[in-house]
Amino acid sequence: MEEILKQILDKLQMIEHEVSDVKTNMATKQELEEVKQNFTTELEDIKANMATKQELEEVKHSFTKEIEDIKANMATKQELEDIKANMATKQELEDIKANMATKQELEDIKANMATKQELEDVKNNLMKELDHVKANMVTKQEFVFVQQAVLETNEIVKKIEQNMEKHERILDLLSRRSIEQEAAISSIRLIKAP
């Protein structure tokens, strides 16, 4: 009888130890929510600060259009030579000057226009940031695994708690029986004693 009680107590201690381990190693809902909140905040920051492909395409299109406009409106050396050869009056020269881009205007355009290298650097930086985000972000699949592990752990804890309740009832029952048996033995001794 004592051996059975000892085995039950040993099992109870083992179960308590397992429950303690589960509680120590299991992430709480609060911790998971904080992780989720941090990723959500970082993702929103990235979305707010990162140019989209559409925006870069619009910038590229805008620069391409401006360059085409410049090419369309800028006179070539040959055109200037033709103008010089065909120039007859001062008025025609004034008209040409009025319609031709100045060096300053060209310099202003160059100063305000991004180079291919600058656009490539922007693209590379955005790609690095995106790769960094992807590397540090929990995927939906990983989150599902974590969620599944939490659910499974909850089930295990519930089963352990149910087993502990059963063991407590058994111990209570065994204690009562032991007391009853001791009382019966005492009664038998009293009856045998003269």
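Residues numbered from 1 in each chain as written. Predicted model: local features only at pLDDT ≥ 70, side-chain atom pairs only at ≥ 80, totals over all residues. Heavy atoms only, no water.

If you had to explain the side chain of Thr-153 to someone new, which residues and values would you point to?
By the element assignment, Thr-153 lies in helix H8 (residues 140-192). Not counting chain neighbours up to four residues away, the residues in contact with Thr-153 comprise Val-22 and Met-26. (Helix = DSSP H or I, 4+ residues; strand = E, 2+ residues; numbered from the N terminus. Contact = heavy atoms within 4.5 Å.)

Tell me about helix H1 (residues 2-25), residues and numbers included.
Since the α-helix packs 3.6 residues into each turn, any two residues three or four apart lie on the same face. Between its first and last C-alpha, H1 extends 34 Å over 24 residues, near the 34 Å set by a 1.5 Å rise per residue. If you check which residues of H1 are buried, you get Ile-8, Leu-12, Ile-15, Val-19 and Val-22. Packing partners of the buried residues in H1 comprise H8. (Expected span 1.5 Å × (residues − 1). Buried < 20%, exposed > 50% of the residue type's maximum accessible area, 1.4 Å probe, protein only.)

Which residues make up the side chain of His-167, and what values go with them?
Note on placement: His-167 falls in helix H8. The contacts of His-167, once residues within four sequence positions are left out, are Ile-8, Leu-12 and Ile-15.

Which residues make up a positive patch on the surface, and what values do they have?
Residues Lys-53, Lys-60, Lys-71, Lys-116, Lys-123 and Lys-134 make up a contiguous surface patch of positive charge. The set of elements that each furnish at least two residues to the positive patch consists of helix H3 (53-73) and helix H7 (116-136). (Patch = residues over 30% accessible without salt bridge, like charges linked within 9 Å, V, L, I, M, F, W, Y side chains within 5 Å. Areas by Shrake-Rupley, 256 points an atom, 1.4 Å probe, with all protein chains shown as cover. Salt bridge = Lys/Arg side-chain N within 4 Å of Asp/Glu carboxyl O. Lys, Arg positive; Asp, Glu negative; His and termini not counted. Charge placed at Lys NZ, Arg CZ, Asp CG, Glu CD.)

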